[in-house]
Amino acid sequence: MSRSQISFSKREKEKKRLKKRKDKEKKKEERKANSQGGGLDNMIAFVDEYGVITDTPPDPTEKKDKVKAENIEVSVPKKEKEDPDRLMSGIVDYFNPAKGFGFILDSDSREKYFFHINGTLEEVDTGDKVEFRLENGLKGINAVDVKRKSKS
C-alpha cells in the first residue's frame, strides 16, 4: 500500500487558506451591509458664488450677474518700464570691498539690486544711503552710477 501524498502540514496550510478566504468574504459582506454610500446623490458637491463647497444645489430662481469674458484678466499685469535716467535711492545692504561687489536695498520697492565697484562714483560701505540708476546687465538688473548721499 502506498501512502497518501498529502501530509499533515499541507492539510493544515489548506485549512488556514480556506479559513482566511471565508473571513475575507465575511468582512466584505459586513462592509456592504454597514456602508452608508447611498449612491451618486451623496457624492455630489456644489460650489456657490463665493467658491464655498456645499451639499445643497444652487437656487435656479436666483438672479445671477452677467460677466463678460473680455473683463476677466488671466495673466499677471505687466510691470511698468523703469525710466533708465531716473535716480533711485536706497541703502547699501551688503558690501564686500575685497571682492568689489555688494547689494543695495531700494527704499521704495524693498528690492535688492546688485552693484559692482566699477559702477560706483564714490566709495561706499555697508549702511550708506545712496542714489543709483538701474541698468540691464548680463545676469539681470544692476545698480550703476552709485553715489553716496549720507553715511549711516
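See the structure above.
Cut-offs and rules
Residues numbered from 1 in each chain as written. Predicted model: local features only at pLDDT ≥ 70, side-chain atom pairs only at ≥ 80, totals over all residues. Heavy atoms only, no water. Helix = DSSP H or I, 4+ residues; strand = E, 2+ residues; numbered from the N terminus. Polar contact = N/O pair within 3.5 Å; in protein donor to acceptor, adjacent residues only side chain to side chain. Patch = residues over 30% accessible without salt bridge, like charges linked within 9 Å, V, L, I, M, F, W, Y side chains within 5 Å. Areas by Shrake-Rupley, 256 points an atom, 1.4 Å probe, with all protein chains shown as cover. Salt bridge = Lys/Arg side-chain N within 4 Å of Asp/Glu carboxyl O. Lys, Arg positive; Asp, Glu negative; His and termini not counted. Charge placed at Lys NZ, Arg CZ, Asp CG, Glu CD. Phe/Tyr/Trp six-rings, centres within 6.5 Å; stacked < 30°, edge-to-face > 60°. Buried < 20%, exposed > 50% of the residue type's maximum accessible area, 1.4 Å probe, protein only.

Caption draft 1: Just the side chain of Asp128, in detail. The residue Asp128 is located in the loop between strand 5 (112–116) and strand 6 (129–137) in this model. At 2.7 Å, the side chain of Asp128 forms a polar contact with the backbone nitrogen of Asp125.

Caption draft 2: Spatial organisation of a positive patch on the surface. A surface patch of like charges, here positive, comprises Lys20, Lys24, Lys27, Lys28, Arg31 and Lys32. Tracing the chain through its elements places Lys28 in helix 1 (residues 8–34).

Caption draft 3: Layout of the packing of aromatic side chains. Summed over all chains, the structure comprises seven aromatic pairs. For the pair Tyr94 and Phe101, a centre-to-centre distance of 6.1 Å together with 55 degrees between the ring planes defines the contact as tilted. Each ring, one from Phe101 and one from Phe114, has its centre 5.9 Å from the other, and the planes form 25 degrees; the classification is stacked. Of the two residues, Phe101 is situated in strand 4 (residues 101–106) and Phe114 in strand 5; the sequence distance between them amounts to 13 residues. On the basis of relative accessible area, Phe114 is assigned to the partly exposed category, the value being 29%. Put simply, the rings of Tyr94, Phe101, Phe103 and Phe114 touch in pairs and so form one group of aromatic residues.

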